[in-house]
Amino acid sequence: MASIEKEKGMSIFLDVFRRADKNDDNCLSWDEFRSFFTDGVLTSSELDTLFHEIDTHNTTNIDTGELCTYFSKHLGPYREIFAALEDINSSVSTALQTTATEYPEKNFQDQFCVRFLLKEVQTQLAALLGTIGAASDHLEEEAVKNRSGQTQVHFDEPPVSTKAGWLARRAKRQLSTQTSIPFDSASMNAFFTQVNRLQEMLDKLENRVTLDPVDEEIVKDDSNMLMLVARKLCVLESEDKPFRSTLRTYVEAAAKNDGCLNLSVRSYSGTSNFVLYEMWDSEESWKNHFGSNVSKAFRHSNVDHLEKPEEMSNLAIPASWISDSSPTCVISGTA
């Protein structure tokens, strides 16, 4: 296993492993794997199959060798690209270190050339990134379209403790072999806590509610329903500032989506806990957004920012309850 990790291009996957391994125990649990590799296309069953296919040692954890071995078999034409990326990373690092040392002593002509060359490198890489991004978007759009009748991964399971140590790792291994979460008191408390948070948001929207509790609304089906989503994010103290920047970028981008009716962020004083509330005009709009680049970029950034995988709950509510459908965005904190 060790030899394949040293092959050209494999260092990228060591970095992937590092980012996915939230608790730095040198193995990926099912929760860590699901949190990092969920792409809004694969179903939970397919992710589970993929996890066990990579886990050739059958330990319910994935190590670096297993991850590198799996992707090495599927690199195809991208093998040369990943090998080139290693060289580019090394060359860029060397060039920037040299520039930092020598640039101040150069004359104005040489300084001009350095600035021009650096900007041109940026332009060329940006052009490549644009081409790759367009291809990636196209493949994902086609994948979502072809799987419109399937249910993608939904984060409704309570997260496993990411505290380092043998007991925590054993607990994760035990949980990863279960097909469902038992209805014990802890699970039920977590469930009702989320329900209460959703109810609090509904209470805050009471001035926009037109439902008369005495009346009975008769409908043909549940097609005209809004989707209310609550996302609990436990942020590492050291990552508070970069997380807030990432969160604001996400909120501002998501608020521009036509299907987004409301975004609200609540933080709790004395902690690094945040709850992000999102209201969407339909379940389809929410799923499309969840699979978008904006959402994926936010989730991937959170791999480095969060103490543990985020908790997500959703609730469908009748659209007739909301009299004002104009998008709103609120960022608040509790005292």
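Residues numbered from 1 in each chain as written. Predicted model: local features only at pLDDT ≥ 70, side-chain atom pairs only at ≥ 80, totals over all residues. Heavy atoms only, no water.

### Let's talk about the packing of helix 4 (residues 44-54) against helix 5 (residues 64-74)
Put simply, helix 4 and helix 5 touch, their axes get as near as 9 Å, and they point 110° apart. Compared by their axis directions, helix 4 and helix 5 come out roughly perpendicular. Contact with helix 4, carried on its side by Leu 50, Glu 53 and Ile 54, involves Glu 66, Leu 67 and Tyr 70 of helix 5 and no other residues of that element. (Axes fitted to C-alpha atoms, helices over the stretch in contact; angles between N-to-C directions. Helix = DSSP H or I, 4+ residues; strand = E, 2+ residues; numbered from the N terminus. Parallel < 35°, antiparallel > 145°, perpendicular 65-115°, else oblique. Contact = heavy atoms within 4.5 Å.)

### A word on a nonpolar patch on the surface
A cluster of nonpolar side chains, Tyr 78, Ile 81, Leu 85, Ile 88, Val 92, Leu 96 and Leu 118, forms an exposed patch at the surface whose accessible area comes to about 590 Å². Ranked by the residues each element gives to the nonpolar patch, the list is headed by helix 6 (residues 78-102), at six residues. Here Ile 81 shows up in helix 6. According to the relative accessible area criterion, Ile 81 is partly exposed, its value standing at 43%. (Patch = residues over 30% accessible without salt bridge, like charges linked within 9 Å, V, L, I, M, F, W, Y side chains within 5 Å. Areas by Shrake-Rupley, 256 points an atom, 1.4 Å probe, with all protein chains shown as cover. Salt bridge = Lys/Arg side-chain N within 4 Å of Asp/Glu carboxyl O. Buried < 20%, exposed > 50% of the residue type's maximum accessible area, 1.4 Å probe, protein only.)

### Side note on helix 2 (residues 11-20)
Buried within helix 2 are the following residues: Ile 12, Phe 13, Val 16, Phe 17 and Ala 20. Projected down its long axis, helix 2 carries its buried residues within an arc of 145°, all on one side. Those residues of helix 2 that are buried are in contact with helix 3 (30-37), helix 5, helix 6 and helix 12 (293-305). (Arc of directions from axis to C-beta.)

### Structural notes on the side chain of Glu 310
Tracing the backbone through its elements, the reader meets Glu 310 in the loop between helix 12 and strand 4 (311-318). A relative accessible area of 11% means that Glu 310 is categorised as buried. With residues up to four places along the chain from it excluded, the contact list for Glu 310 reads Arg 231, Lys 232, Leu 233, Arg 299 and Asn 302.

### A few points about the nonpolar core
Generally speaking, nonpolar side chains in soluble globular proteins are found buried as a group. In terms of nonpolar packing, the biggest core is built from 20 residues, with Phe 243, Leu 247 and Leu 276 touching the most fellow members. Mapped by element, the contributors of at least two residues to this core are strand 1 (225-234), helix 10 (240-254), strand 2 (260-267), strand 3 (273-280) and helix 11 (283-290). The element contributing the most residues to this core is helix 10, with five residues. Each residue touching Leu 276, except ones within four places of it in the same chain, is listed here: Val 229, Ala 230, Arg 231, Leu 233, Leu 247, Tyr 250, Val 251, Leu 263, Ser 264, Val 265 and Phe 298. The next biggest cluster of nonpolar side chains, apart from the first, holds 16 residues, and it includes Val 16, Leu 47, Leu 67 and Val 303. (Core = buried A, V, L, I, M, F, W, Y, C linked by side-chain atoms within 4.5 Å.)

### A closer look at helix 12
Here helix 12 is 13 residues long and its end C-alpha atoms lie 18 Å apart, about the 18 Å a rise of 1.5 Å per residue gives. Within helix 12, burial applies to Ser 295, Lys 296, Phe 298, Arg 299, Asn 302, Val 303 and His 305. (Expected span 1.5 Å × (residues − 1).)

### Concerning unusual backbone geometry
Most peptide bonds take the trans configuration, and most residues that are not glycine carry a negative phi. In this structure, Asn 26 is a non-glycine residue whose phi angle is positive, near 65°. One can find Asn 26 in the loop between helix 2 and helix 3. Judged by its relative accessible area of 60%, Asn 26 falls in the exposed class.

### Here we look at the pairing of strand 2
Side-chain positions along a regular strand alternate between the two faces of the sheet. A large share of strand 2 lies buried, amounting to eight of its eight residues. Here strand 2 runs beside strand 3; their pairing, made up of seven bridges, is antiparallel. In the strand pairing of strand 3, Val 265 is matched with Leu 276. If you look at the hairpin formed by strand 2 and strand 3, you'll find five residues sitting between the two strands, and Gly 270 has a positive phi there, around 80°. (Pairing = 2+ DSSP bridges.)

### Structural notes on the confidence of the model for the chain
Chain-level pLDDT for the chain is 77 on average; 73% of the residues reach the 70-or-more range. Confidence, expressed as mean pLDDT per element, reaches its minimum in the chain at helix 8 (residues 166-176) with 37 and its maximum at helix 4 with 93. Low pLDDT (under 50) marks residues 154-185, which in the prediction has 44 contacts with non-local residues, meaning those over four places away or in another chain. Here residues 206-214 is modelled with pLDDT under 50, and outside its nearest four sequence neighbours on either side it reaches 13 contacts, counting other chains as well. (pLDDT = per-residue confidence, 0-100.)

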